[in-house]
Amino acid sequence: MASFCSSSSAPALRCLLLASLLLLALSCGRKAERNAPAYDLGASDALVESGLSLEQGEGRWQEWEQEGKLAPQVARILQEENGHRELMAEASQLLQEQRFHDFAALLDQAEREGRATPALLELRSLPQALQALALFCARRPYGKSQDLEDSLNFLSPWRQELSRMAPKTFPPFWASQEALLASLRQEEFQRDCRKWEGELELCLLTRQWASRIVSCLEAFPRSRGEGEAELPVLLAASPEEWLAAREWSAARELASWLRWQELSPENRKCLEERLDREGPLTIVGKLLQGRLARSPQAYMEALLLWQKAMEAASGDFSPAFLAEYRELLPPTGKVAPVTGVAETADFLYRWLP
C-alpha cells in the first residue's frame, strides 16, 4: 500500500512544483522587467525545500509564507497536498492492520469534510476485496476442482480491484490458481478413466457381467476440458500405433484384449515382448501374458487377482476365462501349486462347469 501512495503522489508533486514556478513567473510584472531587482535566492531555496518537505511529509509553509518566500496560493496548495498524503498514509496503515471499520469511518469523515481525494475514494471497496481474498486463502489447499472453482467465482468480483492495487503480485497469483484448477480437473478426469477401466475389466473377466460390456464402453468418459480418455482413442487406432508407443498403460492392455482377434502374428509377438519387458499392469495384462506364453501359472495368478478384485461384490460370480485356462491344463487337471494357495486344483475347479 505504501508503494501505491508514493507512486500516485509523484505526478501531483511535479504538477505542484510546476504551478509554483508559474505563479512566481506571473507575479513578476512586465514593468519590473526594465529595473528588475536582484533575484531572491531565499524564495528559490524555499520552493526547493518545500518540495523536499512535501516528500518527507513535513514543511514550514506558513513560516515561508509569512516571510514572503512563498505565495499564499502555493503555501495553501502545499498544505492541502500534505494533508492528502497524511490521510492516505493513515488509510494505508488501517488497511494493513485490517481495521476495516476504522478505515470506513476515516473515509466517511474525510468525505464529509471535503478532504477525500479520488485516489482515496477508490480504496472504499478494498476492505471487502481483502476480506474475500483472506477467506479464499483460508480454504486452501484445495483438493477438489469444484471447491476451487466455487472459490474463484466467489473472489472474481474483486479480481479487478485486487489486480489494480497489487499489479505485481495478484495477477500471477490468480493465474497460478487457474493453472491449479486445470490440473485438478485433469487429475480427476484421469481418476475417472482409471475407475471406468477397472469396471470394464471386471465386466470382461466375469461371466455374469458379460452383458454389461457394451453399456460400460458407451458410458466411458471421452474427454473433459483439455483431457482426452486414452482407451477410446486406442480402440479407434491401429494396433501398430498403440503397441509401438513409448509408454505402456492399462488402457493399452485393455485395447489389446478387446481387439485380440484383429492382432496379427507380428502384433502378438510385439505385445508379448512389451508385456515381458514392462510387466502386466492389469489382470487382463496377466491373462494376455498367459495366453501368449500358454502358461497355466500366469492364468492362475490372474485368477487370484480377479478373486481379490471381486471381494467387495455381492453375489455368486465366476471367471469368464476359466474355459480358456482349462484347455492349458494337463489331462489330469492338476497344476503346480501356487505360493500361498493350498490344493490349487480344487481351488480352480470350484468355478468350472
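Treat the numbers as computed from the prediction; the structure is a model and nothing was measured. (Residues numbered from 1 in each chain as written. Predicted model: local features only at pLDDT ≥ 70, side-chain atom pairs only at ≥ 80, totals over all residues. Heavy atoms only, no water.)

Enquirer: Would you mind showing me how to read the side chain of Arg259 here?
Expert: Among the structural elements, Arg259 can be located in the loop between helix H14 (250-258) and helix H15 (265-278). The exposure class of Arg259 is buried, given its relative accessible area of 12%. Side-chain polar atoms of Arg259 contact the side chain of Glu262, separated by 2.7 Å. Once residues lying within four places of it in the same chain are set aside, the contact partners of Arg259 are Leu234, Leu235, Ala236, Ala237, Pro239 and Trp242. (Helix = DSSP H or I, 4+ residues; strand = E, 2+ residues; numbered from the N terminus. Buried < 20%, exposed > 50% of the residue type's maximum accessible area, 1.4 Å probe, protein only. Polar contact = N/O pair within 3.5 Å; in protein donor to acceptor, adjacent residues only side chain to side chain. Contact = heavy atoms within 4.5 Å.)

Enquirer: Where do I start with the packing of aromatic side chains in this structure?
Expert: Aromatic ring pairs are defined here through the distance separating the ring centres and the angle between the ring planes. A full pass over the atoms with the stated rule returns seven aromatic pairs. Geometrically, the ring pair formed by Phe170 and Trp174 is tilted, given 6.1 Å between the ring centres and 45 degrees between the ring planes. Here Trp174 and Phe170 lie together in helix H10 (residues 170-205), a separation of four residues that amounts to about one turn. For the pair formed by Phe170 and Trp174, the shared burial category is buried. When the centroid spacing of 5.5 Å and the interplanar angle of 20 degrees are considered together, the rings of Tyr299 and Tyr325 count as stacked. Pair noted here: Tyr299 is in helix H17 (residues 296-309) and Tyr325 is in helix H18 (residues 322-326), with a separation of 26 residues, a long-range link. (Phe/Tyr/Trp six-rings, centres within 6.5 Å; stacked < 30°, edge-to-face > 60°.)

Enquirer: Got a minute to help me understand the state of the cysteines in this structure?
Expert: Working definition of a disulfide: a covalent bond connecting the sulfur atoms of two cysteines. For the coordinates displayed, the defined rule picks out zero disulfides. We note that Cys216 lacks a disulfide partner, and the nearest cysteine sulfur, in Cys203, lies 4.7 Å from it. Judged by its relative accessible area of 6%, Cys216 is buried. (Disulfide = S-S within 2.5 Å.)

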